[in-house]
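Fold and geometry: a report
Spelled out from the first residue to the last, the chains are:
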Amino acid sequence: MSARGPAGAGPAAIQLSRIMRPDDANIAGNIHGGIILKMIEEAGAIISTRHCNSQSGEHCVAALARVERTDFLSPMCIGEVAHVSAEITYTSKHSVEVQVNVLSENILTGAKRVTNRATLWYVPLSLKNVDKVLEVPPIQYAWKELEEEGKKRYEEQKLERLVTKQRNGDIIFPVFNPEPYTVGYSQSSLIHLVGPSDCTLHGFVHGGVTMKLMDEVAGIVAARHCKTNIVTASVDAINFHEKIKKGCVITISGRMTFTSNKSMEIEVFVDADPFVDEPKERYRAVSAFFTYVSLSKEAKPLPVPQLVVETEDEKRRFEDGKGRYLQTKAKRQVQMQPLTQQ
Amino acid sequence: MSARGPAGAGPAAIQLSRIMRPDDANIAGNIHGGIILKMIEEAGAIISTRHCNSQSGEHCVAALARVERTDFLSPMCIGEVAHVSAEITYTSKHSVEVQVNVLSENILTGAKRVTNRATLWYVPLSLKNVDKVLEVPPIQYAWKELEEEGKKRYEEQKLERLVTKQRNGDIIFPVFNPEPYTVGYSQSSLIHLVGPSDCTLHGFVHGGVTMKLMDEVAGIVAARHCKTNIVTASVDAINFHEKIKKGCVITISGRMTFTSNKSMEIEVFVDADPFVDEPKERYRAVSAFFTYVSLSKEAKPLPVPQLVVETEDEKRRFEDGKGRYLQTKAKRQVQMQPLTQQ
Amino acid sequence: MSARGPAGAGPAAIQLSRIMRPDDANIAGNIHGGIILKMIEEAGAIISTRHCNSQSGEHCVAALARVERTDFLSPMCIGEVAHVSAEITYTSKHSVEVQVNVLSENILTGAKRVTNRATLWYVPLSLKNVDKVLEVPPIQYAWKELEEEGKKRYEEQKLERLVTKQRNGDIIFPVFNPEPYTVGYSQSSLIHLVGPSDCTLHGFVHGGVTMKLMDEVAGIVAARHCKTNIVTASVDAINFHEKIKKGCVITISGRMTFTSNKSMEIEVFVDADPFVDEPKERYRAVSAFFTYVSLSKEAKPLPVPQLVVETEDEKRRFEDGKGRYLQTKAKRQVQMQPLTQQ
């Protein structure tokens, strides 16, 4: 065995592969976005925990701090093999940036498609004292430019984390006998009791477990709204501000905020309730925006019923959603241009 | 913690929702009754644990003591969303009554059906000393009558718990080369090693996990007897007399006791074997009667082959089962009358 | 995307990695051998299915035909990362040999250990007609010797498959009030209803799922016998003679056949019962011998209580087990010698 990571992998790379099973999919056979997010995060957690423990010193576990905006480029199906490969692309003093690529392979036809690219940020927490952030061993860069670009990404996300205040005060209130296509019509929530297999060595919930549950709620909201086969199209940047401990009850709630012609934006909140052994109050742990599209049997995007907004808050949130939608669209066009000009 | 729980729930209410997956169902796509029982118990455990910890004092976990007779009103299918809502309806000094409703929602058509109503009793056990039962904070009743009715239910179940001695000595003996439709022909048993995810914070098996395994065995007994698509129709009251600890091996055995024209009654025993590091002997932890029906492809009840009883014991158990069957039928007709006359 | 497999892998290689969770382990924190066997088989199934579909023609799924004797060199623990890498090492006209290595990585200390090496044989079955075995595309060998050695292994296992008749007639009979340390004292069985997530695209049970259940029963037999922390030490060659279909009930039974000073041999049978919609009778699908050891808290092997054999059959099976034990011991010493002399 070489001193470099396991078989075939570089020093800072890892690959997870798994056959997609019926339980990973919706009734149309499309793999839930949440299953992919969970695999992405597992790969990120392994590689960053390994890296942060690579120098002698205090042992630590890498905790997920942030996931950058992620697009689901193409749906994955039952029977395909998902290959998730992760690589460390930047280290600051206290954080690790991990780049993850997801590839879907049809082992019958040999066809392969890139289905996701994600960027995750991890922070090493001491195993002895969970509130202590340790230092990250620096990585070597093949070119100086790689380090500079990484630093730029690091500064950008740091700023955004500061700006993006958690929508903490916001609560999803139930609505009785809602009209079709209103916000109240599709809003949903579920609760989950955090068990041992949801947790890291620290006894804190894996970020990937949380994201999987968030996607599940978002998917229910989307399906209730348009009553067709829906799939995750993208997830906005998610910041993990508060850890969630084993034994907590978590409530995951989702409501639709915006619809374009062919997409739906759903806001999801995660609240943790440390109901035994804890003087702590219920707190907002995470929030995020998921975008869903509705697919025909031929996997073509279908038109989506327009969201009916009623209150001032709903109108404001709709406008905010529209802003995010237009911004993403604009960004995508800019990114596409160089490709089309090559 | 706000005074009101999550979406749609009163002060002491909770709601679990989850999409039903292929692994939750039999090959005909009907969700196993055990999956529903497990969700019901999870909701009950969360709400009663939360309530019992709502006053300052010793921390505790609510342990399932009893489930009242439960009917499965209509089968649930893969892709539907199960909504399980729980509410505390009565508190005695040392126990909590939880009422649970299960609703199945077809998120494509919007159709909703009530599939179950269940009543569960919990007892708060100290986290420090698992053999100590703590006091339950009293709840507020909207009307005095609600408290009085609750007290009546409390006394009734207490009496029944005393009367219903566990069928402790009874063991399911294997039969060689059994004739078709005899008791020995379909009897079945399985063993399960209790893992961490089966357990509460205390390290004791969740009541819902036990019920799910019981339903699994009962379903295999029923399917072996009639070799068609079978579904759980009801579960008799279950008393949980003995806790089962993490690391135990549990043996769940089932045998058919009675058949009517269109239903089968199966008796299920749970025995725990605390085999590692424990001086304790194997003991009977739970027993219950499950009723199954056989369904055609159009979900209509099919005739069931008559059970062939051979020994005196089998004949006696058949007569007992017939008694329970006729009693339930009579009760149902009484309950139906007001409805049909309205 | 290169024509060669995904990131870092050769043309005929794959790697699966996963963090080991509490649910994967016994109460002492040692990962169940069955979890490892299941991962090994998943890697083997992916790589051989991919290879057998690499030439244009009829699509197929590779079905597990045989696993060679496998040793568990060192126990794996919760929180460690299992890396399972698979490579095709030989192809005959109708079968594929896959070599799998399992590495355990402690991501906190960086320590890595080889925990398993396994050899699996797969046969490609047509997706259209499950009883038709297709031809396997030949692989390229780096040296001619590799092909010759592979052919030798192929002939050996073919011969052994013919010689090793399935112990088909043998059934595990229940024993009442068994004395401690007799065969009846620890024998166990479980039933499992085959669900969609247990199955391949064909609707047949994954070999790895069967092996995991077999290890589960064997572990319970071993723990009942010696009532200590036990771990899988090795599994004898397993031949998969009959496929098991979705919807079957499978019965997995285990009994102890032999004990040495520090090991226990357990024989495990898998019987399939195609009880719905099938005219077929119950049949023996697989059988195998598992060897377990008992570990102290410092992970040192402990003495094992001697098995008490009573009947002539038990004595004969004990002697057979002793034969296998001595043969393996002799082989191991031969294999060790070259190493120490190098």
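As a convention, each chain's residues are numbered from 1 in the sequence order in which they are written. Chains carry letters from A onward and ligands carry numbers from 1 onward, assigned in written order. Where local features are concerned, this predicted model is filtered to residues with pLDDT of at least 70; where side-chain atom pairs are given and counted, the filter is 80 or more; whole-chain, interface and lining totals use all residues. No hydrogens and no water enter the side-chain calculation; it runs on all heavy atoms of the structure.

Per an unreviewed UniProt entry, the recorded name for chain A is palmitoyl-CoA hydrolase, and the organism is Platysternon megacephalum. UniProt positions are given in the numbering used here, feature names are shortened, and annotations may be inferred rather than shown by experiment. Its UniProt record, at the heading Subcellular location (unreviewed entry), says of chain A: "Cytoplasm".

With that out of the way, let us pick up the domain arrangement of chain A. Residues and elements named next belong to chain A. Domains assigned within chain A are domain 1 (11-137) and domain 2 (172-329). On a C-alpha basis, the centroid separation for the pair domain 1 and domain 2 is 21 Å. Every contact between the two is made by 26 residues of domain 1 and, on the other side, 27 residues of domain 2. Summed over both sides, the interface between domain 1 and domain 2 buries roughly 2,200 Å², with carbon and sulfur atoms accounting for 61% of that surface. Domain borders in the structure are assigned automatically or taken from a domain database. Two residues form a contact once any of their heavy atoms are found within 4.5 Å. Summed over both partners, the accessible area lost on bringing two parts together, with a 1.4 Å probe, is the buried area.

With that settled, the discussion passes to the interface of chain C and chain A. Where the parts come together, the accessible area they lose is often given as the size of the interface. Between chain C and chain A, the residue contacts involve 41 residues of the former and 39 residues of the latter. Taken over both partners, the interface formed by chain C and chain A buries close to 3,200 Å², and the fraction arising from carbon and sulfur atoms is 63%. Of all residues in chain C, Q15, I107 and L108 of chain C bury the most surface against chain A, accounting for 20% of the area lost on that side. Put simply, a salt bridge is a Lys or Arg side-chain nitrogen that is within 4 Å of an Asp or Glu carboxyl oxygen. Summed over the shared surface of chain C and chain A, the number is two salt bridges. Among the salt bridges present, the one from R50 of chain A reaches E105 of chain C, with a minimum N-O distance of 2.5 Å. Distance and chemistry together define a polar contact, namely a pair of N or O atoms within 3.5 Å, with one atom able to donate a hydrogen and the other to accept it when in protein, and with adjacent residues in sequence counting only for side-chain atoms on both sides. Counting across the interface, chain C meets chain A through nine residue pairs in polar contact (both at pLDDT 80 or more). Of all elements in the fold, only β1 (13-19), α1 (33-52), β4 (81-91) and β5 (96-105) of chain C reach the threshold of two or more residues within the side of chain C that touches chain A. Of all the elements, β1 of chain C adds the most residues to the side of chain C that touches chain A, at six residues. Under the grouping applied here, Gly and all other residues not named as nonpolar or charged are polar, the nonpolar ones being Ala, Val, Leu, Ile, Met, Phe, Trp, Tyr, Cys and Pro and the charged ones Asp, Glu, Lys and Arg. Class assignment of the residues belonging to the side of chain C that touches chain A gives a composition of 18 nonpolar, 14 polar and nine charged. Comment: elements are numbered from the N terminus, with helices defined as DSSP H or I runs of at least four residues and strands as E runs of at least two.

Right, let's talk about the confidence of the model for chain A for a bit. All names here are of chain A. When the pLDDT values of chain A are averaged, the result is 88; 92% of them are 70 or greater. As a per-residue measure, pLDDT tells how confident the predictor is, with possible values from 0 to 100. Element-level pLDDT for chain A is lowest in helix α5 (residues 312-341), with a mean of 82, against a maximum mean of 95 in strand β5 (residues 96-105). With pLDDT under 50 throughout, residues 1-11 is counted as low confidence; its partners more than four residues away or in other chains account for 20 contacts. Scored below 50 in pLDDT, residues 338-342 shows zero contacts in the model against residues more than four places distant or in partner chains. With a pTM of 0.84, the predicted complex shows an ipTM of 0.80.

Glancing now at the relation of the copies chain C and chain A. Of the transformation superimposing chain C on chain A, the axial component is 0.0 Å and the angular component is 180 degrees, with the fit at an RMSD of 0.1 Å. Expressed as an axis order, the relation between the two copies is that of a two-fold axis. The fraction of interface residues of chain C whose copies in chain A are also interface residues reaches 95%, indicating that both copies meet through the same surface. To superpose the copies, least squares is applied to the C-alpha atoms of every residue with a pLDDT of at least 70 in both.

We now examine the packing of aromatic side chains. Any two rings among Phe, Tyr and Trp, with Trp reduced to its six-membered ring, count as a pair given centres within 6.5 Å; such a pair is stacked if its planes are under 30 degrees apart, edge-to-face if over 60, and tilted if neither. Scanning all chains against the criterion turns up 21 aromatic pairs over all chains. Pairing F258 of chain A with Y325 of chain A gives two aromatic rings, centres 5.5 Å apart and planes at 45 degrees, and the pair type is tilted. Residue F258 of chain A is found in strand β10 (residues 249-259), and its partner Y325 of chain A is found in helix α5; the two are separated by 67 residues along the sequence. Put simply, the rings of Y90, W121, Y141 and Y154 of chain A pair up and form one aromatic cluster. Only when the NZ of Lys or the CZ of Arg is both within 6 Å of the ring centre and within 35 degrees of the ring normal is a charge said to sit over the ring. For K243 of chain B, the ring lying beneath its charged end belongs to F204 of chain B, and the centroid distance is 5.6 Å.

With that settled, the discussion passes to the interface of chain A and chain B. With 26 residues of chain A at the interface, the matching set in chain B holds 34 residues. When chain A packs against chain B, close to 2,800 Å² is buried across both sides, 63% of that on carbon and sulfur atoms. Taken as a group, D23, I191 and F275 of chain A account for 21% of the area that chain A buries against chain B, more than any other trio of residues on that side. Here chain A is connected to chain B by three salt bridges.

Residues and elements named next belong to chain B. Accessibility here uses a 1.4 Å probe with only protein chains present; expressed as a share of the type maximum, an area under 20% marks a residue as buried, one over 50% as exposed, and anything in between as partly exposed. Counting buried positions along strand β10 (residues 249-259) yields 11 of 11 residues, so the element is predominantly enclosed. Between any two strands, at least two bridges found by DSSP are needed for them to pair. Relative to β10, strand β7 (residues 188-193) runs antiparallel, the two sharing six bridges. The partner of S188 across the bridge, within β10, is G254. Here β10 hands over to strand β11 (residues 264-273) after four residues, the two strands then running antiparallel side by side.

Let us now look at the relation of the copies chain A and chain B. Superposition of chain A onto chain B requires a rotation of 121 degrees combined with a translation of 0.1 Å along the rotation axis, giving an RMSD of 0.2 Å. With respect to symmetry, the two chain copies, as superposed, fit the operation of a three-fold axis. Of the residues that chain A buries at the interface, just 15% are likewise interface residues in chain B, meaning the two copies contact each other through different surfaces.

Time to look at the pattern of salt bridges. As enumerated under the stated definition, the model contains 59 salt bridges over all chains in all. Between E97 of chain A and R153 of chain A there is a salt bridge, and its shortest N-O distance comes to 2.5 Å. Of this pair, E97 of chain A sits in strand β5 while R153 of chain A is found in helix α2 (residues 144-163), placing the two residues 56 residues apart along the sequence. Accessibility expressed as a relative area gives 1% for E97 of chain A, which makes it buried. In this structure, K315 of chain B engages E312 of chain B in a salt bridge whose closest nitrogen and oxygen atoms are separated by 3.7 Å. Of this pair, K315 of chain B and E312 of chain B both sit in helix α5 (residues 312-341), three residues apart, which is roughly one turn of the helix. Judged by relative accessible area, which is 37%, K315 of chain B ranks as partly exposed.

Below, the discussion takes up the packing of α1 of chain C against helix α4 (residues 207-226) of chain C. Residue and element names in this part refer to chain C. Only the stretch in contact is used when fitting a helix axis, every axis being a line fitted to C-alpha atoms; angles between N-to-C directions are given from 0 to 180 degrees. Across the interface, α1 lies against α4 with an axial gap of 8 Å and an inter-helix angle of 170 degrees. Relative to α4, the element α1 is oriented roughly antiparallel. Taken together, the residues of α4 that come into contact with α1 (itself represented by G33, G34, I35, L37, K38 and E41) are G207, G208, V209, M211, K212 and D215. Looking at the contact of α1 with α4 residue by residue, the class counts come to four nonpolar, four polar and four charged. Roughly parallel covers angles under 35 degrees, roughly antiparallel covers those over 145, roughly perpendicular covers 65 to 115, and oblique covers all other angles.

Here we take up the side chain of S104 of chain B. All names here are of chain B. As for its placement among the helices and strands, S104 is situated in strand β5 (residues 96-105). Reaching out from S104, the side chain makes a polar contact with the side chain of E80 at a distance of 2.9 Å. When sequence neighbours within four positions are dropped, the list of residues in contact with S104 reads M76, E80, V81, A111, K112, R113 and T115.

As a further point, take the nonpolar core. Definition used in this section: a nonpolar core is a set of buried Ala, Val, Leu, Ile, Met, Phe, Trp, Tyr and Cys residues joined via side-chain atoms within 4.5 Å. Within the largest apolar cluster, 169 residues are counted, with the highest numbers of intra-cluster contacts made by I244 of chain B together with I244 of chain C. Counting 85 residues, the second-largest nonpolar core is a separate cluster that includes I40, I47, W121 and I139 of chain A.

Another point: unusual backbone geometry. We note that N177 of chain A has phi near 45 degrees; this positive angle belongs to a residue other than glycine. For N177 of chain A, the location among the structural elements is in the loop between α2 and α3 (183-186). Although it is not a glycine, Y181 of chain B adopts a positive phi angle of roughly 70 degrees. Along the chain, the position of Y181 of chain B falls in the loop between α2 (144-163) and α3 (183-186). On the accessibility criterion, Y181 of chain B (34% relative accessible area) is partly exposed.

Our focus in this paragraph is the environment of T49 of chain A. Here T49 of chain A shows up in helix α1 (residues 33-52). A C-alpha to C-alpha distance of 4.8 Å links T49 of chain A and A62 of chain A, two positions 13 residues apart in sequence. In contact with T49 of chain A, other than residues within four places in its own chain, are C60, V61 and A62 of chain A together with I107 and L108 of chain C. A polar contact of 3.2 Å, which involves the side chain of T49 of chain A, links it to the backbone nitrogen of A62 of chain A.

Residue and element names in this part refer to chain A. Under the present numbering, the feature "active site" (unreviewed entry) in UniProt falls on N26 and D215. These annotated residues cover 190 residues of sequence, and their C-alpha atoms lie no more than 12.1 Å from one another, placing them together at a single site. Looking at the element boundaries, N26 is found in the loop between β1 (13-19) and α1. Exposure remark for N26: the relative accessible area of 19% places this residue in the buried category. The contacts of N26, once residues within four sequence positions are left out, are H32, N229, I230 and V231. Relative to the assigned elements, D215 resides in helix α4 (residues 207-226). In this structure D215 comes out as buried when scored by relative accessible area, which is 3%.

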